[in-house]
Amino acid sequence: MATCRPLTTKCSLKLLSCVSGKVLTHHLEAFSKGEDKWKSLKFAASQSYPGFEQVTEIWANQRVNAVSDKLTPSQQAYYKAAMFEAFAGFDVRGANSGILDKLKQRLIIEDGDKVGGDIAKLLIQAAGQNRMDLVNQVGNYNRSMGRINY
């Protein structure tokens, strides 16, 4: 398995290439035995879990870093957790089940029930649908409230 100290794009691509070969092999193995595409993907992920988890962690960190100037730390944590739970319709980090509820509570503490809940909805949609326009809406709100400067 490829290893790198800093999480760089080059490192991510190397690691992704290494892991994706294993994931693809396991996916094709399950698919050839008659499993549907989602069951095949789940099987592949479970067989390649350490590398798969590392790649998805790098991917999520890169996506969060790309919007860190728009979101508060609590919003970034929620957005990242939402990406994992939205990924292919299942939580690839199983152990973090239910973390969205805890992180949503932090958003509600920051902004109140209505606004905190609305921000959570926007961020979960943004994560699941890869919609930067929704992240930008939250960023515009944060800027108008003086929480971020960009």
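Quantities reported herein were computed from a predicted structural model and do not represent experimental measurements. (Residues numbered from 1 in each chain as written. Predicted model: local features only at pLDDT ≥ 70, side-chain atom pairs only at ≥ 80, totals over all residues. Heavy atoms only, no water.)

On to the overall build of the chain. The number of helices and strands found in the chain is six helices and zero strands. Moving toward the C terminus, one meets the helices and strands of the chain in the order α-α-α-α-α-α. Per-residue burial over the chain gives 38% buried out of 150 residues. Taking the contacts inside the chain whose residues are at least 6 apart along the sequence as the reference set, 54% of them involve residues at least 24 apart. Split by element, the accessible area of the chain, about 8,600 Å² in all, is 55% carbon and sulfur. (Helix = DSSP H or I, 4+ residues; strand = E, 2+ residues; numbered from the N terminus. Buried < 20%, exposed > 50% of the residue type's maximum accessible area, 1.4 Å probe, protein only. Contact = heavy atoms within 4.5 Å. Areas by Shrake-Rupley, 256 points an atom, 1.4 Å probe, with all protein chains shown as cover.)

Another point: unusual backbone geometry. Notably, N130 is not glycine yet its phi reads approximately 50 degrees, a positive angle. By secondary structure assignment, the location of N130 is in the loop between α5 (99-129) and α6 (132-144).

Looking now at the packing of α5 against α6. Remark: α5 packs on α6, axes separated minimally by 8 Å, with the N-to-C direction vectors making an angle of 150 degrees. It follows from the interaxial angle that α5 and α6 lie roughly antiparallel. Of the residues in α6, those in contact with D111, V115, I119, L122, L123, Q125 and A126 of α5 are L134, V135, Q137, V138 and Y141. (Axes fitted to C-alpha atoms, helices over the stretch in contact; angles between N-to-C directions. Parallel < 35°, antiparallel > 145°, perpendicular 65-115°, else oblique.)

So yeah, pure geometry; function would need other evidence.
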